[in-house]
Each structure stands twice: as structure tokens, then as C-alpha cells.
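Remarks on the overall topology
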Amino acid sequence: MEIKWIGAHRNNYGGQTDPRVIVLHTMAGSLGSCDNWFNDPTAKVSSHYGVGLDGTIHQYVRLNQRAYSNGVLEADNRWPYPQNINPNFLSVSIETEGTNEPVTPNMFTSVQYLVNLIRRQFDIELLTSHHVISPHSKPNCCGTRWKEKIKLLGLPVLW
């Protein structure tokens with residue numbers, strides 16, 4: 001499977017990571033708009049990967065670097081790791097295109113490929129969704145479209 005390197009602006013990621021978790025997200029727009037946003041120096045956000053509805057995979061941040069994708073822990077979060085550690089330090093993030101569209105077979109296959117790729121490099125303990133970290137500002141990320149499908153990706157799930 002092909003992964004297209006896009007990169008992110010240097011203001012939008014940094015530092016080393018030791019991931020234990022894969023966090024799924026839903027983009028606020030298209031794969032192309034995500035490419036542009038992560039390369040905007042004022043954005044201050046990024047993700048490791050983006051996956052299109054058609055299964056296209058873009059990479060923005062190298063796996064050994066910290067993407068700025070998960071924000072900070074909000075009140076009422078269900079993050080299972082120490083509350084004094086930013087989730088970005090312990091995670092790899094995958095953005096998925098679409099908001100209300102169902103997860104397509106091609107998208108699912110690409111996300112499954114990335115989960116397996118990441119697991120070969122790191123001791124990943126679980127999969128989760130952004131709403132677990134940010135239940136107030138991101139209550140619908142990664143959306144109900146992933147609620148059942150995430151269980152099929154081969155890792156314990158925290159939903």
C-alpha cells in the first residue's frame with residue numbers, strides 16, 4: 001500500500017514520542033484541506049496520517065515524532081494514562097476523511113494497514129477516539145461511523 005509523504009509545517013509538530021495508543025479522528029474537511037491545514041504555520045496542529053474515503057494515505061509527521069493532534073486532556077476524559085502527560089506524547093494519530101459519510105471499505109482497509117504498520121514498530125496497547133481525550137470540545141470525533149468498525153482493527157478499544 002502506498003503512503004504519500006506530505007509533511008507538516010515545523011510549527012505544527014515536535015519532540016519525540018513513545019506511543020502506546022492509536023487515536024482515530026475525523027477530519028473537518030477533505031484530505032486535501034487537511035494537507036493544507038497541517039502545512040499552515042499558524043495551525044499549530046498535525047496528525048501522523050490522513051486517510052481518504054477512497055483509501056488514499058497521506059503522512060504528515062514521522063512516527064518517532066510528536067504530532068499535535070489530541071489537544072489537552074479535558075475534564076471528564078477517560079484517558080487511561082497519567083493525567084499529567086499530554087496525550088500527544090503517547091499516541092499516533094490517524095485522521096479519516098468525511099464527517100457523516102460511512103467508513104468506506106477502502107478507508108477501512110487503509111486504516112487497518114496503518115494499525116498493523118504502527119504495531120510492528122511500537123508496543124501499541126489500545127485504540128481509541130479523540131472524544132475520549134476531549135469529551136467537551138470534540139464529542140463527535142471520530143464519530144459514530146467508527147463505533148463498531150474500530151473493534152475490527154485488532155486491538156483493545158477504549159470508546
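Report follows, based on the coordinates. (Residues numbered from 1 in each chain as written. Predicted model: local features only at pLDDT ≥ 70, side-chain atom pairs only at ≥ 80, totals over all residues. Heavy atoms only, no water.)

1. A short note on helix α1 (residues 31-38)
Among the residues making up α1, those that are buried are L31, C34, D35 and F38. With its buried residues spanning 105 degrees around the axis, α1 presents them on a single face. (Buried < 20%, exposed > 50% of the residue type's maximum accessible area, 1.4 Å probe, protein only. Helix = DSSP H or I, 4+ residues; strand = E, 2+ residues; numbered from the N terminus. Arc of directions from axis to C-beta.)

2. A closer look at the packing of aromatic side chains
If you walk through the whole model with that rule in mind, you get three aromatic pairs. Considering the side-chain rings of F38 and Y60, the 4.8 Å spacing of their centres and the 80 degrees angle between planes classify their relative orientation as edge-to-face. Placement of F38 in helix α1 and of Y60 in the loop between β5 (57-59) and β6 (65-67) is noted, with a sequence separation of 22 residues between them. Positioned above the aromatic ring of W5 is the side chain of R62, whose terminal nitrogen or guanidinium carbon lies 4.3 Å from the ring centre. (Phe/Tyr/Trp six-rings, centres within 6.5 Å; stacked < 30°, edge-to-face > 60°. Lys NZ or Arg CZ within 6 Å of the ring centre and 35° of its normal.)

3. Observations concerning the pairing of strand β3 (residues 21-26)
For β3, the tally of buried residues reaches six of six residues, placing the bulk of the element in the interior. Two elements, β3 and strand β7 (residues 91-96), share six bridges in a ladder whose sense is parallel. Within β7, the position partnered with V23 by the bridge is S93. In terms of strand pairing, β3 meets strand β8 (residues 126-129) through four bridges, oriented parallel. Following the sheet pairing, I22 is matched in β8 by L127. (Pairing = 2+ DSSP bridges.)

4. Notes on the pattern of salt bridges
Summed over the entire model, instances satisfying the criterion amount to two salt bridges. Of the charged contacts, one joins R20 and D18 as a salt bridge, the two residues approaching to 3.2 Å between their closest N and O atoms. A relative accessible area of 21% places R20 in the partly exposed class. Overall, D18 belongs to the partly exposed group, its relative accessible area being 41%. (Salt bridge = Lys/Arg side-chain N within 4 Å of Asp/Glu carboxyl O.)

5. With respect to the environment of V51
Note on placement: V51 falls in strand β4 (residues 49-51). The class of V51 is buried, set by a relative accessible area of 0%. Distance in space between the C-alpha atoms of V51 and N116 is 15 Å, their sequence separation being 65 residues. In contact with V51, not counting residues within four places along its chain, are M27, L31, T56, I57, I94, E95, T96, E97, M107, S110, V111 and L114. (Contact = heavy atoms within 4.5 Å.)

6. As for the nonpolar core
Where a protein is soluble and globular, its nonpolar side chains tend to be buried together. Grouped together as the largest cluster of nonpolar side chains are 24 residues, with contacts concentrated most on Y49, I94, V111, I118, W146 and L153. Going through the elements one at a time, β3, β4, β7 and α2 (105-121) are the ones with two or more residues in this core. Considering each element in turn, this core owes the most residues, seven residues, to α2. Beyond its immediate chain neighbours, meaning those up to four positions away, I94 contacts I22, V23, L24, H25, S47, Y49, V51, V111, L114 and I118. (Core = buried A, V, L, I, M, F, W, Y, C linked by side-chain atoms within 4.5 Å.)

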